[in-house]
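In case you want the letters, here they are:
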Amino acid sequence: QVQLVESGGGLVQPGGSLRLSCAASGVIFNINAMGWYRQAPGKQRELVARITSGGTTTHADSVKGRFTISRDNAKNTVYLQMSSLKPEDTAVYYCNAYVNYQTYWGQGTQVTVSS
């Protein structure tokens, strides 16, 4: 069984920074892509950022210039560096990964941006 474990969420003031981490564990022979989604109250889950095994990245327009996704292939870990955080970034952030040719989701980590 493959598991994705997120960490790094919390409460931060507007303009602050957080770094989220997601580590994949289990029997893994391939991770093609990893990414982050978020879901705010009353809204559908949306893609925040994604990175392929080749290093190609995608960031949502709402976070471009503020968030940066990266990965450490040796650790099977993806990161989301979040800067200049805004209240509208408040959401549960979910790790997603295409592992062993299947999609897996983490349990989510809460990010709250508030003064």
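Fair warning: this is a prediction, and the values are worked out from it, not measured in the lab.

A. Looking closely at the state of the cysteines. Taken as a whole and judged by the stated rule, the model has 1 disulfide. Cys22 shares a disulfide with Cys95; S-S distance 2.0 Å. With the S-S dihedral at roughly -85 degrees, the linkage between Cys22 and Cys95 falls on the left-handed side. Of the two residues, Cys22 sits in strand 3 (residues 18-25) while Cys95 sits in strand 9 (residues 91-99), which places them 73 residues apart along the sequence.

B. Focus on the side chain of Glu6. Summarising the element assignment, Glu6 is placed in strand 1 (residues 3-7). No salt bridge is formed by the buried Glu6, whose closest oppositely charged neighbour, Arg45, lies at an N-O distance of 7.7 Å. In terms of polar contacts, Glu6 uses its side chain to reach the backbone amide nitrogen of Cys95, at 2.7 Å. There is a polar contact of 3.0 Å between the side chain of Glu6 and the backbone nitrogen of Gln107. Leave out the neighbours within four places in its chain, and Glu6 touches Ser21, Cys22, Trp36, Tyr93, Tyr94, Cys95, Gly106, Gln107, Gly108 and Thr109.

C. Spotlight on the sheet that holds strand 1. Read from one edge of the open sheet, 4 strands run 1-3-8-7, paired in antiparallel fashion. Each edge of the sheet is formed by a strand with only one pairing partner; in this case those strands are strand 1 and strand 7 (67-72). Neighbour to neighbour, the strand axes of the sheet diverge by 15 degrees on average, direction disregarded. Judged from the 6 bridges that link them, strand 7 and strand 8 (residues 77-82) form a sheet pairing that is antiparallel. The partner of Thr68 across the bridge, within strand 8, is Gln81.

D. Up close: the nonpolar core. Core analysis: the biggest nonpolar cluster contains 30 residues, and Trp36, Leu80, Met82 and Tyr93 have the highest contact counts within it. Among the elements of the structure, strand 3, strand 4 (31-39), strand 5 (46-52), strand 7, strand 8, strand 9 and strand 11 (109-113) are those that each provide at least two residues to this core. Broken down by element, the residue count for this core peaks at 5 residues, all from strand 9. Those residues in contact with Leu80, other than ones at most four positions away along the chain, are Leu18, Arg19, Leu20, Trp36, Val48, Ala49, Phe67, Thr68, Ile69 and Tyr93.

E. Just the pattern of salt bridges, in detail. All told, the structure shown has 4 salt bridges when counted by the stated rule. Put simply, Asp89 and Arg38 hold a salt bridge, and the shortest N to O gap is 3.0 Å. Of this pair, Asp89 sits in the loop between strand 8 and strand 9 while Arg38 is found in strand 4, placing the two residues 51 residues apart along the sequence. For Asp89, a relative accessible area of 1% translates into the label buried. In this structure, a network of salt bridges that share partners links the residues Arg38, Glu46, Arg66 and Asp89.

Thresholds applied
Residues numbered from 1 in each chain as written. Predicted model: local features only at pLDDT ≥ 70, side-chain atom pairs only at ≥ 80, totals over all residues. Heavy atoms only, no water. Disulfide = S-S within 2.5 Å. Helix = DSSP H or I, 4+ residues; strand = E, 2+ residues; numbered from the N terminus. Buried < 20%, exposed > 50% of the residue type's maximum accessible area, 1.4 Å probe, protein only. Lys, Arg positive; Asp, Glu negative; His and termini not counted. Salt bridge = Lys/Arg side-chain N within 4 Å of Asp/Glu carboxyl O. Polar contact = N/O pair within 3.5 Å; in protein donor to acceptor, adjacent residues only side chain to side chain. Contact = heavy atoms within 4.5 Å. Pairing = 2+ DSSP bridges. Axes fitted to C-alpha atoms, helices over the stretch in contact; angles between N-to-C directions. Core = buried A, V, L, I, M, F, W, Y, C linked by side-chain atoms within 4.5 Å.

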